[in-house]
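# Topology and contacts: notes
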There are 2 protein chains.
Amino acid sequence: MKTVKISEAVVRRLPIYLRYLNELSKKNVNTVSSQDLGQKLDLNPAQIRKDLAYFGEFGKKGIGYDVDYLIEKIRHILKIDKVIPVALVGAGNLGRALCNYNAYLKDNMKIVAVFDAHDSKIGESINNLKVKPMGELTNTIKNLQVRIGIITVPAFEAQNVANQFVSGGVEAILNFAPIIIKVPHEIRVHHADFTAELQSLAYYLDETKDIIE
Amino acid sequence: MKTVKISEAVVRRLPIYLRYLNELSKKNVNTVSSQDLGQKLDLNPAQIRKDLAYFGEFGKKGIGYDVDYLIEKIRHILKIDKVIPVALVGAGNLGRALCNYNAYLKDNMKIVAVFDAHDSKIGESINNLKVKPMGELTNTIKNLQVRIGIITVPAFEAQNVANQFVSGGVEAILNFAPIIIKVPHEIRVHHADFTAELQSLAYYLDETKDIIE
DNA sequence: TAGATTGTTAATCGATTAACAATC
DNA sequence: TAGATTGTTAATCGATTAACAATC
C-alpha cells in the first residue's frame, strides 16, 4: 500500500469534485473525463487525474471516469460514506443557519446536539433539536460519539468551547469565530472566517474606481 | 514602484495579521516582532516579514513593528480604510446571520441592501434594512455604488444572482452557494462553502475510531 | 556598545502542469 | 483499427524557509 502524504490542497479539491459529480449523476450522465471536469471546475485536467490517482485507479483509459463509481470512491476517501455525528455550540443566527442546512447535507454530516451558554437560548428548538446548556456538553458528546465540533460563538468564547470539545473527545473542529484557537496537535481545526474572506476580496477591488474625495 | 505579483496566499494572510494586531492594539501593546506574530498565528516569522515587505518597509530593525502603524498600513493595502458598500441576496438564515454580523464589521464593510426572490421575505426588516425584490437589484446597487455582492441563495439560483450582480456593476462576489459560478474574468469571486469545509475535515478523522459494524 | 530584529537573497521544498506510453 | 483518455514521470513553476548583512 502506498503511503504518500496527501497534501491539504488535494483534500480540499475532493469535495469540489464530489459536488459536481453529484450534479452529473442527477442528470443521469454516466461518464466524465478529466477534461470535462477541468473545464467545468476551472482546474487543470492533469491535476484532477493526479489527485484521483493518489487514491487508486478509478478511470478507464480512452473512456474516462464512471460518475457513480467515482462518487462512491470519493465519499469513501472523505469518510462520509457513514453518518458522522456533529455537535454545534452557539445558537445565534449563524448556528441556526448551519443547523437548518442539515437538510441539505445528504452528505452524512448530522448535527446531533446544539449548545449555548445563555439561559435565554436553552430549551429553544432548532430543527428538532433542543438547545442544551454548556454544562452538559462533555457528557452529551461522549454519549453521542460526536466526532466533529462546530463553533459559532463570539471570538472571546471560542477557545473555551474548543477546550470543552477536546475534553469531550471530538477529533476535528470547524471554527467560525474570528480567532485562532489552540488545540492538541492531533485535533484538526479548520477556520471558516468570512470576515477574512470579505477583507481579502476587498484587496482585489479596482482602486481607480474609488470615490474621489 | 515595484510591480511584483502578490500571490493570493499572501493576500489571504493579511486579514489574519490584521485581526491579531487589532487585539494587541486593544491591549495597548505598542510593538510586535515577526517572531511574536509567528508564534501566535502558527506561521513562520520569515514569511510574515516577507509578506509585509511586498508592500513597504513597515518595521524597524532591532525593534519590530509599531502595532497601530501596521494596522493602518494593512487596512490601506486591503482597501478597507474607506467604507465599502456591500449588497446581499438571499434573506434566509445565513443571509440574516451575515447582516447581523454587520455590527461586528467595524472593518468598513457595510451591507447597504438586501434582496430576496420570494414575496414572503420582501419588506421584512433585517438589521434596519428592508428586504427588496430582485427586480430592484440592478438599479439599487448602481445607485448605492455597491462594490461587493454576497450570495446566500440555494445553488440553483446562484448563477442567476451572480449575473445580476455583474449587470449592476459589482467588482467582487462572495458566494456561499455550493456551486461554481461563472463571471467575467475581471470580477473576483471567492467561495465560502462550509459543506466542502466539513467534508474535507472528515478526511482527517481517525478511521481506526470508526464504529465497527 | 551589545542584543534584537528587520528586509532580502539564496536554498529548499512542494505543488502544478506538460508530455506521453499504455490501453480502452 | 483509430481516437480518446487515463495514470505517471519529468519539467516547471511558485511558495516557504533559512540565513545573514544592515541597523535600530
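Residues numbered from 1 in each chain as written. Chains lettered and ligands numbered in written order. Predicted model: local features only at pLDDT ≥ 70, side-chain atom pairs only at ≥ 80, totals over all residues. Heavy atoms only, no water.

On to the packing of helix H1 (residues 8–26) of chain B against helix H2 (residues 34–41) of chain B, then. Residues and elements named next belong to chain B. Interhelical geometry of H1 versus H2 gives an angle of 105° and a closest axis separation of 11 Å. Comparing the axis directions of H1 and H2 gives the class roughly perpendicular. In contact with Ile16, Tyr17, Tyr20 and Leu21 of H1, H2 contributes Leu37, Lys40 and Leu41. (Axes fitted to C-alpha atoms, helices over the stretch in contact; angles between N-to-C directions. Helix = DSSP H or I, 4+ residues; strand = E, 2+ residues; numbered from the N terminus. Parallel < 35°, antiparallel > 145°, perpendicular 65-115°, else oblique. Contact = heavy atoms within 4.5 Å.)

So, about the sheet that holds strand E6 (residues 125–126) of chain B. All names here are of chain B. The sheet built from seven strands is open, its strands ordered E6-E7-E5-E4-E8-E9-E10 with mixed pairing. Looking at strand neighbours, the two that pair on one side only are E6 and strand E10 (188–191), the edges of this open sheet. Relative to strand E5 (residues 109–116), strand E4 (residues 84–89) runs parallel, the two sharing six bridges. Across the sheet, alanine 87 pairs through a bridge with alanine 113, a residue of E5. The sheet contacts of helix H7 (residues 155–168) involve E4, strand E8 (148–151) and strand E9 (172–175), and relative to E8 the element is tilted by about 165°. (Pairing = 2+ DSSP bridges.)

Another aspect to go through is the nonpolar core. Leu21 of chain A together with Leu21 of chain B are the most contacted members of the largest nonpolar core, which totals 102 residues. Residues in contact with leucine 21 of chain A, not counting those within four places in the same chain, are Val32, Leu37, Val67, Leu70, Ile71 and Ile74 of chain A. (Core = buried A, V, L, I, M, F, W, Y, C linked by side-chain atoms within 4.5 Å. Buried < 20%, exposed > 50% of the residue type's maximum accessible area, 1.4 Å probe, protein only.)

Before going further, it helps to examine the UniProt feature "DNA-binding region" (unreviewed entry) in chain A. Here the UniProt-annotated "DNA-binding region" (unreviewed entry) positions come out as residues 16–55 of chain A. Secondary structure content for residues 16–55 of chain A is 70% helix and 5% strand, and the end C-alpha separation is 16 Å. (UniProt positions renumbered as here; feature names shortened; annotations may be inferred.)

For the structure on display, the rule yields 18 salt bridges over all chains. Across the salt bridge formed by arginine 12 of chain B and glutamate 197 of chain A, the nearest N and O atoms sit 2.9 Å from each other. In this pair, arginine 12 of chain B is assigned in helix H1 and glutamate 197 of chain A in helix H8 (residues 194–203), connecting two distinct chains. For arginine 12 of chain B, a relative accessible area of 32% corresponds to the partly exposed category. Residue glutamate 197 of chain A is classed as buried on the basis of its relative accessible area of 12%. For the salt bridge of glutamate 8 of chain B with arginine 12 of chain B, the shortest nitrogen-to-oxygen distance reads 2.9 Å. Here arginine 12 of chain B and glutamate 8 of chain B lie together in helix H1, a separation of four residues that amounts to about one turn. Through salt bridges with shared partners, a single ionic network connects Glu8, Arg12 and Arg188 of chain A together with Glu197 of chain B. (Salt bridge = Lys/Arg side-chain N within 4 Å of Asp/Glu carboxyl O.)

To continue, consider the protein's contact with DNA strand C. The immediate surroundings of DNA strand C are formed by 23 residues, with Gln47 of chain A together with Ser34, Arg49, Gly59 and Tyr65 of chain B found nearest. Those atoms of DNA strand C that come within 4 Å of the protein belong to sugar or phosphate at a rate of 62%. In the model, a sugar or linking oxygen of DNA strand C is placed 2.9 Å from a nitrogen or oxygen of the glutamine 47 of chain A side chain. One nitrogen or oxygen atom from the main chain of phenylalanine 58 of chain B is found 3.1 Å from a phosphate oxygen belonging to DNA strand C. Put simply, the parts of the chain that give the surface near DNA strand C at least two residues each are helix H1 (8–26) and helix H3 (45–53) of chain A together with helix H3 (45–53), strand E2 (59–60) and strand E3 (64–66) of chain B. For the surface near DNA strand C, the element with the most residues is H3 of chain A, which contributes four residues. Each residue belonging to the surface near DNA strand C can be placed in one class, and the counts come to five nonpolar, nine polar and nine charged. (Near = heavy atom within 4 Å. Polar contact = N/O pair within 3.5 Å; in protein donor to acceptor, adjacent residues only side chain to side chain. Nonpolar A, V, L, I, M, F, W, Y, C, P; charged D, E, K, R; others polar.)

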